[in-house]
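# A look at the structure
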Amino acid sequence: MRAFLFPGQGSQSVGMGKALAEASPAAKELFQEVDDALSQHLFRIMVEGPESDLTLTENAQPAIMANALATLRVMQKEGGFSLADKGDYVAGHSLGEYSALCAVEAFDLGTTARLLKLRGQAMQAAVPVGEGAMAALLGADIEKAQALADAAAEGEVCTVANDNDPSQVVISGHKGAIERAVALVKDYGIKRGVLLPVSAPFHCPLMQPAADAMAEALAKATINAPLLPVYANVLAAPISDPTDIRDRLVEQVTGRVRWRESIGAMWDAGVTDFVELGGKVLGPMVKRIAPDATVRSVVTMDDIEAVLGAL
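Residues numbered from 1 in each chain as written. Predicted model: local features only at pLDDT ≥ 70, side-chain atom pairs only at ≥ 80, totals over all residues. Heavy atoms only, no water.

Another point: the domain arrangement of the protein. Domain assignment breaks the protein into domain 1 (1-124 + 204-307) and domain 2 (130-197). If you average the C-alpha positions of domain 1 and of domain 2, the two centres end up 26 Å apart. At the junction of the two partners, domain 1 supplies 14 residues and domain 2 supplies 16 residues. Between domain 1 and domain 2, the buried area comes to about 1,200 Å², and carbon and sulfur atoms account for 55% of it. Linking Asp-163 and Arg-260 is a salt bridge whose minimum nitrogen-to-oxygen distance equals 2.8 Å. Linking domain 1 to domain 2 there are seven residue pairs in polar contact (both at pLDDT 80 or more). (Domains from an automatic or database assignment. Contact = heavy atoms within 4.5 Å. Buried area = accessible area lost by both parts, 1.4 Å probe. Salt bridge = Lys/Arg side-chain N within 4 Å of Asp/Glu carboxyl O. Polar contact = N/O pair within 3.5 Å; in protein donor to acceptor, adjacent residues only side chain to side chain.)

In structure tokens, the structure reads:
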């Protein structure tokens, strides 16, 4: 069995999509469709930067989605590839869940781009700059991370945001609490705590205003039954019902990204082959969760040709 995976924030870089668009009319067409949907020259920011503009959450989220789906579009248009025929499940890390849903036609591309633009804006606006923070805990499992977060909270928000793999957990919340947690890592047997260069504390209760904004937007969005089940971040389980998809995406804004559990559940369900589209971030996590899995990451035209030959 095979799952297709879609990366999340942090996988963006200036120049993304350029080589693909130059090599493939199908990719160029997709980037233009996203620009049209957003009434914005997003692809120009992806290719030329500046990096400060690309890393803005409202730009990074649709850009990462566009890059991943351009990879898929090339596979479909130029390689005769069908996700429904070659896959059993899809999943995406945080914003990547929207990419995954678009890939299996639960959302159309324009809707996905607009939802991610709004999601980025709403997450940025939910907490004033400087009041929130996130930190990666390296060499931490979920139990150690949870104990540390509980100890550092001291009445503020400090919670596990991303359970990425057996050795990396991300915490999120009030800046003071996150800084206290980083200072305490050694006391909890954690190798290192690294403050992340993010503009807001994602996937924690402070994001509730953004969850409310997404609930309103998703209530108006057309959601179709997906071609393949999608592993929901907040459940670490597959869903297919459009109402369920809508509810889980709202919960995801404040909820934990249960990535380690999601990959583990797919492995237990019989998935042995994982293909990451548009990034090389999730593949290493998958190998740390399921060391015996086959993992492929698809970014370049060479990667596309290699994976089409292998599938």
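To continue, consider the packing of helix α11 (residues 208-220) against helix α12 (residues 242-254). The geometry of α11 relative to α12 is characterised by a closest axis approach of 8 Å and an angle of 160 degrees between their N-to-C directions. Considering their axes alone, α11 and α12 lie roughly antiparallel with respect to each other. Here α11 and α12 pass one another in a crossing that is right-handed. The residues of α12 that touch α11, namely those facing Gln-208, Ala-210, Ala-211, Met-214, Ala-215, Leu-218 and Ala-219, are Arg-246, Leu-249, Val-250, Val-253 and Thr-254. In the contact of α11 with α12, the residues fall into nine nonpolar, two polar and one charged. (Axes fitted to C-alpha atoms, helices over the stretch in contact; angles between N-to-C directions. Helix = DSSP H or I, 4+ residues; strand = E, 2+ residues; numbered from the N terminus. Parallel < 35°, antiparallel > 145°, perpendicular 65-115°, else oblique. Left-handed = near helix turned anticlockwise from the far one by under 90°. Nonpolar A, V, L, I, M, F, W, Y, C, P; charged D, E, K, R; others polar.)

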